Amino acid sequence: MADDLDRRAMPWLKSGFDWEGVAAAAGAFLIALLLGWIWSPLFWIGFAGFLAALAAGRWSQRTPPDIVEGIVAPCDGVIVSIELSDVPNELRFAGQTATRIRIASSPVSTNKIYAPIAGSVDALGLSQGEASVPLAMNPEDEGLTRAFATFESQGEQVGVRLVSGGLGPRIELHVEAGGITRLGKVFATRRLGGWCDVYLASGRGLMVWEGQSVIGGETVIGRLKADTLHAGDFFDADEAVIVDARGAAPVTPPAADPEPEPEVEFFDDDYPEPDEVSVPEDPAAIFARLREAARKHGESD
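### Details of helix α2 (residues 19–38)
Next, step 1: If you check α2, its first and last C-alpha atoms are 29 Å apart, about what 20 residues at 1.5 Å a residue would give, namely 28 Å.
Next, step 2: The complete set of buried residues in α2 reads G21, A25, A28 and A32. Buried residues in α2, looked at end-on, bunch into an arc of 65°, giving them a common side. Relative to its buried face, α2 has exposed residues pointing more than 90 degrees away, namely W19, E20, A23, L30, L34, W37 and I38.
Next, step 3: In this structure, the buried residues of α2 make contact with α3 (42–56).

### Focus on the sheet that holds strand β8 (residues 145–153)
Within a sheet, adjacent strands bond to each other through the backbone by hydrogen bonds, running parallel or antiparallel.
Next, step 1: Reading across from one edge, β11-β7-β8-β9-β13-β5-β4-β15 is the order of the eight strands in this open sheet, with antiparallel pairing throughout. Looking at which strands have only one partner, the edges of the open sheet turn out to be β11 (180–181) and β15 (213–214).
Next, step 2: Of the pairings in the sheet, the one linking strand β7 (residues 119–127) to β8 comprises seven bridges and is antiparallel in character. Of the residues in β8, the one forming a bridge with A123 is T150.

### Description of the packing of aromatic side chains
Next, step 1: Tallied over the entire structure, the rule returns seven aromatic pairs.
Next, step 2: For the ring pair F43 and W44, a centre distance of 5.1 Å and an interplane angle of 75° mean the geometry is edge-to-face.
Next, step 3: Where F151 meets F187, the ring centres are 5.1 Å apart and the plane angle is 75°; that geometry is what we call edge-to-face. In this pair, F151 sits in strand β8 while F187 sits in strand β12 (residues 186–190), placing the two residues 36 residues apart along the sequence.
Next, step 4: F151 sits in the buried class, given a relative accessible area of 0%.
Next, step 5: The exposure class of F187 is buried, given its relative accessible area of 1%.
Next, step 6: Linked through ring pairs, F29, F43, W44, F47 and F50 together constitute an aromatic cluster.

### Concerning α3
Next, step 1: Here α3 contains 15 residues, and its C-alpha end-to-end distance of 22 Å stays within 8% of the 21 Å for a straight helix at 1.5 Å per residue.
Next, step 2: Residues of α3 that are buried make contact with α2 and β2 (58–60).

### Topic: the confidence of the model for the protein chain
Next, step 1: Per-residue confidence for the protein chain averages 79 on the pLDDT scale, and 72% of its residues sit at or above 70.
Next, step 2: Across the protein chain, element-level confidence peaks in β15 with a mean pLDDT of 96 and bottoms out in strand β17 (residues 233–236) with 37.
Next, step 3: Taken as a whole, residues 226–253 scores under 50 in pLDDT and shows 40 contacts with residues more than four places along the chain or in a different chain.

### Comments concerning the pairing of β8
Sheet faces and side chains relate simply in a regular strand, where the side chains alternate between the two faces.
Next, step 1: Of all nine residues making up β8, eight are buried, and the element is well covered by its neighbours.
Next, step 2: The pairing of β8 with strand β9 (residues 156–164) spans nine bridges and is classified as antiparallel. Bridged to A149 within β9 is V160.
Next, step 3: Hairpin connection, β8 to β9: the antiparallel pair is bridged by two residues, and Q154 has positive phi, about 50°.

### Some remarks on the sheet that holds strand β6 (residues 112–114)
Next, step 1: Pairing within the open sheet is antiparallel, and its three strands lie in the order β6-β12-β10. Both edges of this open sheet fall to β6 and β10 (171–173), since each of them pairs with a single strand only. On average, each strand axis in the sheet is tilted by 25° relative to the strand beside it, whichever way the strands run.

### Let's talk about the side chain of S164
Next, step 1: Looking at the secondary structure, you find S164 in strand β9.
Next, step 2: Under the relative-accessibility criterion, S164 is labelled buried at 0%.
Next, step 3: Among the polar contacts listed, one links the side chain of S164 to the backbone oxygen of G193, at a separation of 2.9 Å.
Next, step 4: Discounting chain neighbours no more than four positions away, the residues touching S164 are A136, L144, T145, R170, I171, R190, R191 and G193.

So, how was this worked out
Residues numbered from 1 in each chain as written. Predicted model: local features only at pLDDT ≥ 70, side-chain atom pairs only at ≥ 80, totals over all residues. Heavy atoms only, no water. Helix = DSSP H or I, 4+ residues; strand = E, 2+ residues; numbered from the N terminus. Expected span 1.5 Å × (residues − 1). Buried < 20%, exposed > 50% of the residue type's maximum accessible area, 1.4 Å probe, protein only. Arc of directions from axis to C-beta. Contact = heavy atoms within 4.5 Å. Pairing = 2+ DSSP bridges. Phe/Tyr/Trp six-rings, centres within 6.5 Å; stacked < 30°, edge-to-face > 60°. pLDDT = per-residue confidence, 0-100. Axes fitted to C-alpha atoms, helices over the stretch in contact; angles between N-to-C directions. Polar contact = N/O pair within 3.5 Å; in protein donor to acceptor, adjacent residues only side chain to side chain.

Pasting the structure below:
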């Protein structure tokens, strides 16, 4: 890998345009020139189409992180919500509810969608929208283009739902159901932005928060199995609980083993009671008794 970087003249050049986007942009520019020849203000209408075609064809090469059981963001954008939600039937998820991470992408975002985990493609679906709904103002509106994909790895599932405007083709899938994909591999193309909902089984470790900007194929948003603390969590010493920076309910840490009480040693030796302890006699009393004894002895003589 290092040798490849050394031989590459422009290692920072990791973006470009699809040929379809370039062709569409060229056609839009010619139409803009024609409209401008008819009436000069009409040129800018065609030029807007030229810019939209370039934005729709823009892609970027990504380098996924080397992380075990990691989950990466499928697309560029901003996380607008993290909440529990019902899982669409098209994803064929194991549970009825899951944690949904909703990512909103602007029309000028890169158009590639990346696999969130390494594994097999369990479910796949695509429904093209209606041309009468070219713009998507709400991901739940009718007539939009929607795509569904569920990825599975060692019994763990991650679902992805893509939403974009109805004027198409806005979304194309590049994988087949039952296929194998690696982490960060391109599995779809979505043009001119939209929404991307990522569904994770409840209890999985999250490493993102609302309002965070993410990079598709590179930003780690969680782990498949969360047994310990992850980035985005911090410890509140005053409350003695683990506080989730995403606003989730605090989790009480496992109680530490109590320190053993110090053992008190008892001795069974027979110590004399305080009353039994002999106190040394006063010397003055001893001399008094001796003098008394001597006096009595003298009188007896």
